[in-house]
Structures are given as structure tokens and as C-alpha cells.
Amino acid sequence: MTKSRSPDGGRGPAPKPRAGARARRTRWRDRFGAHLDQHRQVAVHSLHRFCATPLQNLATVLVIAIALALPAGLYLLVATVQQLAGNLESANRITLYLHADTAPDAIAALRDKLRRHPAVTITTYVSPAEGLAQFKAQSGLGDVLELLDGNPLPPVILVTANASADPAALAAEVGGWPEVDQARLDSQWLARVRAMAALGHRLALTLAATLAVGVLLIVGNTIRLAIENRREEILVLKLVGGTDAFVRRPFLYLGCWYGLSGGVCAWLLLAAGRWWLQLPLDRLAALYQARWTIAPVSVTALLALAGIAAGLGIAGARLAANHQIRSIEP
């Protein structure tokens, strides 16, 4: 068996052939980093374009801010009403208006009968004199009440039902007792307030949905005009191989900046409106010796408004850019 010669003429094993070129696969981390870097560059570039014409963009941003602030303000108003209704004493209390000529012994016997009732937790007696003093202090009509010949207020017993009882059934039962002129369940007007608050909540959602469509149209029309102004640039990009997604990306970020700016301005409008309304509300509450506070405009509200507005801006920009960019062909 003949052995192949080595390059130096000696006998030995033949050299191994050299390996060919190997294809190197890009790691997913590198691809993801390059993708993020590209998005960062496009976002910064679109922000520079957005800030380059502040006066032209101000009208669009303010319209978006007003469209967002209106339903948000209504929602805060409804939340304030719900908070005030929740802070009031709850619906388990029944007010018993006794006959004006009820004797003190009969009132004491009635209170003892109520305390022994299995559905009653607490009873509080308010005499006509105490009721008149409380009404003078809370209404501010003390001078007018002094002109009355007598005390028109009847004796009152405040009854608090336990948690397992049915307040409506208890009010119907004790309202038929001979000493009781009228039994009024305090939860009735609270239920009306809560029903109106629920209606206001539905109205806020309806208004928000309607104005969200308006924001989509506003941003979409603005992006459409921006695309028309850069038609020549888009033609050049498509000639050198730019895809529709690549051409569309700056306009999506432009819509995001429109929406984000509108959301921040809407939060500022809400904060200014709350400060403006809280001052007269404090004066009104002082007349009733109460404390009323409008629901706060928190940082969470800022993040929510900014996020919703940015999402609407991106959606409006995408709707406008999809059709507009496809129609531009070299």
C-alpha cells in the first residue's frame, strides 16, 4: 500500500483538507437589540419633527385634550357623588316621626318596645327642642325661625336596623304603630342618588366612546396631511427598497406624541378645573357645616389618560397611514 508523501517529500499521512466558510447565524439578542435601537432612533427623530412646529401642533393637542377631559371630568363628578353618598350613614336607618301630641310616657314605652325588637340595633330619640336647635345650626335660618309662634317639629326616633334585617319590612311594620305618624326609610333617597350616579357613569362611558372616535379622526386627519407633505420623501424611500412598515413607523410615533401630549394637557385641565371648583364648594359646604371634596386628580389618572391618549393616537395614525402609504407608489 503506497503512502502519500508529505509536502516536504517525506512519507507521512496526507494533510486534512481545510474547512469551508461557515454561515454565522445572528443571535436573537442581537436582532432584538438592533430592532430596539431602530425604534429608538425613529421615536427621537419623530419627536424632533413634532417639536419643530409647536404652534401648528398646539391646536391639535388642545382639541385632543378637551375631548379627553370632558368624559374624564364627568367621571370625576360621578365619583365624587358616589363618595359623598358612601360617606353618609347607610340605608339601615329609619326615621320615625311621632304624633306631635304623643305623651313622654308613651314615647318612653315606644322606645323600650323598639329596643326589644329583634331587628333593631340602636334607637336615638330627638326631642322637638333638640330638632329645632339642630335645624337652626345647620340651616342658617335661625332669625326666621324666631318669628314662629311655636315649635313645628314633631318628636323623632332614629332606628338603626341590624345587618340581617330588611329595613323596608321593618319600616312598614313600625309605621303602623299608633304612636307613629310616618316612618321614612333613609335609604330611599340614597338609592336615588346611587341610581343617578350609575346613570352618570353610563353617560361618562358613552361620552368617552364618542369622543374617542373623534380623537381617532383628528389624529388620522393630521397624519394624513403629514404624509402628503412628505410624499416625495416616501417615494425615495420606496425606490431604495423601503417597505410599507418601515415608511409607516415614523408616523405611528408621531401619532403617539400627539396623543401623549393631549393626555398630559387633559390631566392639567382636570387639575385646574378641580382647583377652580373646590374653592366655591368649600364655601358652600361651610354653610352646611360639612366637608365636601371633589375626587382627586392623581398620578394614576395622569398615567391612565396619557396611556389611553397615546393608544388612540397610534390607532388613528395607523388607520390613516395604512391606506395613504399604500397609495404612494414610485
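These numbers were taken from a predicted model, which means no experiment stands behind them.

1. Quick word on the overall build of the protein chain
Helix and strand content of the protein chain: 10 helices and four strands. What you see in the protein chain, going N to C, is helices and strands ordered as α-α-β-α-β-α-α-β-α-β-α-α-α-α. Taking contacts inside the protein chain between residues at least 6 apart in sequence as the whole, the part at least 24 apart equals 82%. Summed over its atoms, the accessible surface of the protein chain is roughly 21,200 Å², and 62% of this surface lies on carbon and sulfur atoms.

2. Observations concerning the confidence of the model for the protein chain
For the protein chain, per-residue confidence averages 80 on the pLDDT scale, and residues scoring 70 or more make up 82% of the total. Averaged over each element, pLDDT in the protein chain is lowest for helix α5 (residues 142-145) (59) and highest for helix α10 (residues 299-326) (89).

3. As for the nonpolar core
Nonpolar side chains in soluble globular proteins tend to end up buried together. Formed by 36 residues in total, the largest nonpolar core has its most connected members in Leu68, Ile223, Ile227, Phe251, Leu270 and Leu305. With nine residues, the single largest contributor to this core is helix α9 (residues 244-287). Discounting residues that sit within four places of it in the chain, Phe251 has contacts with Ile223, Ala226, Ile227, Arg230, Ile234, Ala317 and Ile325.

4. Brief notes about the pattern of salt bridges
Going through the model one piece at a time under the given rule, you end up with six salt bridges. Of the charged contacts, one joins Arg116 and Asp112 as a salt bridge, the two residues approaching to 2.1 Å between their closest N and O atoms. Note on Arg116: relative accessible area 57%, which makes it exposed. Here Asp112 falls in the partly exposed class, since its relative accessible area comes to 33%. Between Lys238 and Asp244 there is a salt bridge whose closest N-O contact spans 3.0 Å. Here Lys238 falls in the buried class, since its relative accessible area comes to 11%. Judged by its relative accessible area of 28%, Asp244 falls in the partly exposed class. Residues participating in the shared-partner salt-bridge network are Arg49, Arg230 and Glu233.

5. A short note on the sheet that holds strand β3 (residues 156-161)
If you trace the four strands from one edge of the open sheet to the other, you get β2-β3-β1-β4, paired in antiparallel fashion. The two strands at the open ends of the sheet, each matched to only one other strand, are β2 (120-126) and β4 (180-185). Sheet twist, expressed as the mean angle between neighbouring strand axes with direction ignored, is 20°. Direction of pairing for strand β1 (residues 93-98) relative to β4: antiparallel, over a ladder of five bridges. Within β4, the residue paired with Thr95 across the bridge is Arg184. In the packing of helix α3 (residues 104-115) onto the sheet, contacts are made with β1, β2, β3 and β4, and the angle to β2 comes to roughly 160°.

6. Digging into the environment of Leu62
Along the polypeptide, Leu62 turns up in helix α2 (residues 54-87). For Leu62, a relative accessible area of 39% puts it in the partly exposed group. Here the alpha-carbon distance between Leu62 and Ala266, two residues 204 residues apart in the chain, equals 8.1 Å.

7. Here we look at helix α8 (residues 231-239)
Turning to α8, its buried residues number three or more, namely Ile234, Leu235 and Lys238. Seen end-on, α8 carries its buried residues on one side only, within an arc spanning 105°. Exposed residues lying more than 90 degrees from the buried face of α8 are Glu232 and Leu239. Just downstream of α8 lies Gly241, where phi reads positive at about 105°.

Rules used in this analysis
- Residues numbered from 1 in each chain as written.
- Predicted model: local features only at pLDDT ≥ 70, side-chain atom pairs only at ≥ 80, totals over all residues.
- Heavy atoms only, no water.
- Helix = DSSP H or I, 4+ residues; strand = E, 2+ residues; numbered from the N terminus.
- Contact = heavy atoms within 4.5 Å.
- Areas by Shrake-Rupley, 256 points an atom, 1.4 Å probe, with all protein chains shown as cover.
- pLDDT = per-residue confidence, 0-100.
- Core = buried A, V, L, I, M, F, W, Y, C linked by side-chain atoms within 4.5 Å.
- Buried < 20%, exposed > 50% of the residue type's maximum accessible area, 1.4 Å probe, protein only.
- Salt bridge = Lys/Arg side-chain N within 4 Å of Asp/Glu carboxyl O.
- Pairing = 2+ DSSP bridges.
- Axes fitted to C-alpha atoms, helices over the stretch in contact; angles between N-to-C directions.
- Arc of directions from axis to C-beta.

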